Amino acid sequence: MDILQQIIEMDKAAAARNEAMRKAELERLDAMDVLNRQHLEQVVKNERAQAKEFLALRREKLEKKKADAEAELSERISRLDGIFDTHKDEWQSEIIARITGE
């Protein structure tokens, strides 16, 4: 009977060790899950920061292109205004002459 009792005690001890190892493994997995989640959050945070920086640079370049285009347009309008002012009297006379037939 002593041997049977030892076997039962060894089985209980093995079951207790097994349960302790299972709990330790679950705790380790939970800790890894937390670390993975933290890592993922950091990666997402970094990606968002990079995307925000990229967008800021693209907006800056777009604003510069827009300003350059507006400056060029303003310059062209100014040149056309100058040409019109130079020839205004001549063109008015020509238009009136064509209308009146003179």
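Anything mentioned here points back to the structure above.
Residues numbered from 1 in each chain as written. Predicted model: local features only at pLDDT ≥ 70, side-chain atom pairs only at ≥ 80, totals over all residues. Heavy atoms only, no water.

### Looking at the overall build of the protein
Rule in force here: Only DSSP runs of H or I with at least four residues qualify as helices, and only runs of E with at least two residues qualify as strands; both kinds are numbered from the N terminus onward. Radius of gyration means the value over C-alpha atoms here, while the globule rule gives 2.2 Å times the residue count to the 0.38 power. Using a 1.4 Å probe on the protein chains alone, a residue whose accessible area is under 20% of its type maximum counts as buried, one over 50% counts as exposed, and one in between counts as partly exposed. Using the Shrake-Rupley algorithm and a 1.4 Å probe, accessible areas are obtained, with residue cover drawn only from the displayed protein chains. Note on charges: Lys and Arg go in the positive column, Asp and Glu in the negative column, and His and the chain ends are not counted at all. To locate a charge, the coordinates of NZ of Lys, CZ of Arg, CG of Asp or CD of Glu are taken.
Across its full length, the protein carries one helix and zero strands. A globule of 102 residues ought to have a C-alpha radius of gyration of about 13 Å, yet the protein, at 42 Å, is considerably larger. Seen through its C-alpha atoms, the protein measures out along the principal axes to roughly 140 × 25 × 10 Å. Counting across all 102 residues of the protein, residues that qualify as buried make up 0%. Carbon and sulfur atoms provide 58% of the accessible area of the protein, an area that totals close to 9,900 Å². Between the averaged position of the 19 positive side-chain charges in the protein and that of its 23 negative side-chain charges there is a distance of 4 Å.

### What to know about helix α1 (residues 2-100)
The criterion, for reference: To estimate the expected span of a helix, subtract one from its residue number and multiply by 1.5 Å. What is called the bend at a residue is the angle between a pair of axes, fitted to the seven residues leading up to and ending at it and to the seven starting from it.
With 99 residues, α1 ought to run about 147 Å at 1.5 Å a step, and its terminal C-alpha atoms sit 136 Å apart, in line with that. The axis of α1 is deflected most strongly, by about 60°, at H87. One or two residues past the end of α1 sits G101, with phi positive at roughly 80°.

### Considering the environment of R17
Within the fold, R17 resides in helix α1. What makes R17 exposed here is its relative accessible area of 52%. Along the chain, R17 and D2 lie 15 residues apart, while their C-alpha atoms are 22 Å from each other.

### Here's the deal with a nonpolar patch on the surface
Quick reminder of the rule: Put simply, a patch holds well-exposed residues, over 30% relative accessible area, that have no salt bridge, with like charges counted together within 9 Å and Val, Leu, Ile, Met, Phe, Trp or Tyr side chains within 5 Å. The working definition used for a salt bridge is a side-chain nitrogen of Lys or Arg within 4 Å of a carboxyl oxygen of Asp or Glu.
On the surface, L80, I83, F84, W91, I95 and I99 cluster together into a nonpolar patch covering about 630 Å² of accessible area. Mapped onto the secondary structure, I99 falls in helix α1.

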